[in-house]
Amino acid sequence: MTDAVNTDRWIRWLNLVQLVLAGVIIMTPTVWMVLSSFKPSFEVTAYPPTLIFTPTLDNYVELTKTTPFLSYALNSLIVTVGSTALGLLFGIPAAFAVSWTRISWPAILTLAARMAPGTLFLLPWYVMFRQVGMIGSYTALILSHAVITLPIVIWVLLPSFDAIPRSVFEAAQVDGCSVTRILWRIALPLVASGIAVSAILAFVFSWNYFLFALVLSNGDTKTLIAAAFNFIGEGSTQWGALMAAATLIALPPLVLAALVQRWLVSGLTLGAVKG
Amino acid sequence: MASISIRNLTKRYGNFTVIPDLNLEIADHEFVVFVGPSGCGKSTLLRIIAGLEPISSGDLYIGDTRVNGVQAAQRDIAMVFQDYALYPHMRVYDNMSFALELRGTPKAEIDARVKRAAALLHIEPYLDRKPKELSGGQRQRVAMGRAIVRNPKAFLFDEPLSNLDAKLRGQVRAEIKALSQELKTTMVFVTHDQIEAMTMADRIVVLQSGTIQQYDTPEAVYERPANQFVAGFIGSPAMNFFPVEWRQERAILSQGGTVVPLGEETANGLRRAGSAVLGIRPEHFAVATDAADGIAVNVKLVEPLGSDTLIHFDLAGAASIARVDPSLRPKVGDRLSLRPQPSRTHLFDAANGRVLR
């Protein structure tokens, strides 16, 4: 009895230690980035790092003065929303088709594409887009980012579609539904939370993706994350402005990630079958 | 409303044949129950009729139309699923109206039909609820309501009572039977429960390994089983079986040498065959007042059911049961004299299980 209580106590302690360690490892760079963005320029690289300082918005002011920050943000938004929409447009029916037919190789193919290094796509894309005069266009960026968003949508939605009892689809068939109508009227409402989660994840991954925009964009279509790279100069690096930019870039994904949690808990299929 | 005709139907999954060459005619307005053990192909056959499983070879007609390649959506069949398969995101009303809406039925007519079905099934108070807010029994009714509103050519039921508790199962069973009499539509009902089959069916299809063992009225299946499988499957507790031989113009149990009185028909059958399997239902044993008149057995177990008493005993090496009057309460170890009703004994070929007469 005492042994069991002691073991439980140890497990609780170890859990706590694990959580604290994981929290510290994950949060330290983020906190450091946010704090640095509010430090005067000379303090950003000070060693040892200062924890107590007078916060300033100078880095943010400099960022907006020296760069077309809003224009980059708009580019990021266009590319991210466009590629997320494209991912959803093709990913939803694709995931439904894979779940319906139980033929999984197309989904595995998209996963392989996602796992492959971006440079693998970059070279042929660069050549192809240049040949059709699309380098620097939003279309090229949106299409390339669909490689990020499409597998995410498919793989997040696949378990959601699989979780719907097969008999619900069969009941709809017997009721007179075509497959398209089953997707639209039965499956989509039941995987609404999955769609929201996949959209948010696709948005976050596309927003944060750096490589394609670095090569395929031009001065007018450069995304935030590619533009932030310019702060790292050959001679000197504007660490303060870079931290401010990084903080602003990280903000939308963080807000969206917080939203995902709310969606994950809802269970729409409850009551579909016996119980 | 329509008849269903299955001709030389075969269903294979890869190299595995689930249903080999099956023929079946279900008449218009008939209530047919498919019964059989797990894996006998009864649900597969129902799903083939519904259009949810393709046919490997053979023909399926609903009415006069060959429907082999016709999608489930176009067959005008309603089906109640084992797990009810309600649309979880729709209210009860929408669950019931969905199929009519798809067919472009006018709103006023949809409303009238949904309300009529809801009244019939006593689910009017739940029309605005979602399935998750209903009990198992209520969901079952909604599933039936969804089928009823459509006025289809045939109703298919895939073990719809198996998830209900015993009391509710009995109640819904009676309701479905009453519904079938009111709706006068062809109904095909799949179950593994032979009581459901016996109480509801106009005719029963007993299936084993994808082949029809017998297709007849419940009375005929019970009184005149076509083979040992049907005899053992229909009836609860199951029929007792004993190896029997014809020696010195008498039927004698192969093990133990007990003489058994047989009816004329079974005696003739045994005389011709020489040896066979004798079948006696538990309810066709009577306790003999004169010990010399019956078969002496030792009581192994007594199960008083209230309406009658089940006596377990060993006879000729087989664990056997007799159903006797509830007033009789022998003790374990007591010696009883049981007398089978000679005219209600059955005889089966020991090699292939076919009935011998």
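One numbering rule holds for all chains: residues counted from 1, following each sequence as written. Following the order in which they are written, the chains are lettered starting with A and the ligands numbered starting with 1. Predicted model: local features are reported for residues with pLDDT of at least 70 only, side-chain atom pairs are reported and counted for 80 or more only, and whole-chain, interface and lining totals are derived from all residues.

1. A few points about the overall build of chain B
And step 1. Each helix is a run of DSSP H or I of at least 4 residues and each strand a run of E of at least 2, with the numbering of both proceeding from the N terminus. Across its full length, chain B holds nine helices and 20 strands.
And step 2. For the exposure call, what matters is how many other C-beta atoms sit within 10 Å of a residue's own: 20 or more marks it buried, 12 or fewer exposed, and in between partly exposed, using C-beta atoms placed from the backbone. The proportion of buried residues among the 357 residues of chain B is 41%.
And step 3. If you take every contact in chain B between residues at least 6 apart in sequence, the share linking residues at least 24 apart comes to 66%. Placing C-beta atoms from the backbone, we regard two residues as in contact once those atoms come within 7 Å.

2. Concerning the confidence of the model for chain B
And step 1. What pLDDT expresses is the predictor's confidence in each residue, scored from 0 to 100. Predicted confidence across chain B gives a mean pLDDT of 93, with 100% of residues reaching 70 or more.
And step 2. Interface confidence for the predicted complex, expressed as ipTM, amounts to 0.87; the pTM equals 0.83.

3. Focus: the UniProt feature "transmembrane region" (unreviewed entry) in chain A
And step 1. UniProt positions are given in the numbering used here, feature names are shortened, and annotations may be inferred rather than shown by experiment. UniProt tags residues 12-35, 72-96, 108-129, 135-158, 186-210 and 239-260 of chain A as "transmembrane region" (unreviewed entry).
And step 2. Structurally, residues 239-260 of chain A is divided into 100% helix and 0% strand, and its ends, taken at the C-alpha atoms, are 31 Å apart.

4. As for the sheet that holds strand β11 (residues 240-247) of chain B
Residue and element names in this part refer to chain B.
And step 1. In this scheme, strands are said to pair when DSSP sees at least two bridges between them. Here we have five strands laid out as an open sheet, ordered β13-β12-β11-β14-β20, and antiparallel in their pairing. Two strands lie at the open edges of the sheet, namely β13 (259-260) and β20 (346-348), each paired on one side alone.
And step 2. Note: strand β14 (residues 275-280) against β20, three bridges, orientation antiparallel. When the bridges of β20 are listed, V277 appears paired with F348.

5. Structural notes on the packing of helix α5 (residues 105-115) of chain A against helix α7 (residues 138-163) of chain A
All names here are of chain A.
And step 1. In this analysis, axes come from line fits to C-alpha atoms, helices being fitted only over the stretch in contact, and the angle between any two N-to-C directions falls in the range 0 to 180 degrees. At a closest axis distance of 9 Å, the pairing of α5 and α7 adopts a crossing angle of 135°. As the angle between them shows, α5 and α7 are arranged oblique. Classified by chirality, the crossing of α7 by α5 is left-handed. Within the contact between the two elements, α5 uses A107, T110, L111, A113 and R114 and α7 uses V147, L150, P151, I154, W155 and L158.
And step 2. Gly counts as polar in this scheme, as do all residues outside two lists: the nonpolar Ala, Val, Leu, Ile, Met, Phe, Trp, Tyr, Cys and Pro, and the charged Asp, Glu, Lys and Arg. The residue makeup of the contact of α5 with α7, split by class, is nine nonpolar, one polar and one charged. Oblique is the label for any angle not covered by the other classes, which are roughly parallel (under 35 degrees), roughly antiparallel (over 145) and roughly perpendicular (65 to 115). Should the near helix be turned anticlockwise from the far one by less than a right angle, the crossing is termed left-handed; should it be turned clockwise, right-handed.

6. Structural notes on helix α1 (residues 2-37) of chain A
Residue and element names in this part refer to chain A.
And step 1. The end-to-end C-alpha distance of α1 is 51 Å, a good match for the 52 Å that 36 residues give at a rise of 1.5 Å each.
And step 2. At M27, α1 shows its maximal bend, which comes to roughly 40°, and the proline P29 appears one to four places after that position.
And step 3. The buried fraction of α1 is low, at two of 36 residues. Helix span, expected: 1.5 Å multiplied by one less than the number of residues in the helix. Here the bend at a residue is taken as the angle between two axes, fitted respectively to the seven residues that end there and the seven that start there.

7. Some points on the pairing of strand β18 (residues 318-324) of chain B
All names here are of chain B.
And step 1. Bridge count for strand β17 (residues 309-315) against β18 is seven bridges, and the pairing is antiparallel. Considered in β18, the bridge of I311 is made with A322.
And step 2. The turn joining β17 and β18, which pair antiparallel and follow one another in sequence, is formed by two residues; a positive phi near 50° is taken by A316.

8. Quick word on unusual backbone geometry
And step 1. A cis amide bond links A:Y47 with the next residue in sequence, A:P48, at an omega value of -5°.
And step 2. With respect to the helices and strands, the residue A:P48 is situated in the loop between α2 (41-44) and α3 (58-66).
And step 3. Positive phi outside glycine occurs at B:D21, with the angle close to 45°.
And step 4. Mapped onto the elements, B:D21 comes out in strand β2 (residues 16-26).
And step 5. Classification of B:D21 by C-beta neighbours within 10 Å gives partly exposed; the count is 13.
And step 6. One non-glycine residue with positive phi stands out, namely B:H29, at about 70°.
And step 7. Along the chain, B:H29 turns up in the loop between β2 and β3 (31-35).

9. Concerning the domain arrangement of chain A
All names here are of chain A.
And step 1. The start and end points of each domain follow an automatic or database-based domain assignment. For chain A, the assigned domains are domain 1 (2-37) and domain 2 (58-264).
And step 2. Taking only C-alpha atoms, the centre of domain 1 and the centre of domain 2 are 31 Å apart.
And step 3. Each partner contributes to the interface: domain 1 provides four residues, whereas domain 2 provides five residues.

10. A word on the UniProt feature "domain: ABC transporter" (unreviewed entry) in chain B
And step 1. Under the local residue numbering, the UniProt record ascribes the feature "domain: ABC transporter" (unreviewed entry) to residues 4-234 of chain B.
And step 2. Secondary structure content for residues 4-234 of chain B is 36% helix and 26% strand, and the end C-alpha separation is 25 Å.

11. Notes on the nonpolar core
And step 1. Each nonpolar core reported here comprises buried Ala, Val, Leu, Ile, Met, Phe, Trp, Tyr and Cys residues connected via C-beta atoms within 7 Å. Membership of the largest hydrophobic core comes to 166 residues, with the highest contact counts inside it found for A:A95, A:L157, B:V33, B:I49, B:L156 and B:V188.
And step 2. Per-element tally for this core: the top contributor is α7(A), with 15 residues.
And step 3. Not counting the four nearest positions on each side in its chain, B:V33 is found in contact with B:F189, B:T191, B:E196, B:A197, B:M200, B:A201, B:I204 and B:V205.

12. Details of the interface of chain B and chain A
And step 1. Each side of the interface is counted separately: chain B has 24 residues, and chain A has 21 residues.
And step 2. Every element with two or more residues in the side of chain B that touches chain A is listed here: β6 (77-80) and α2 (92-102) of chain B.
And step 3. Here the residues of the side of chain B that touches chain A sort into 17 nonpolar, three polar and four charged.

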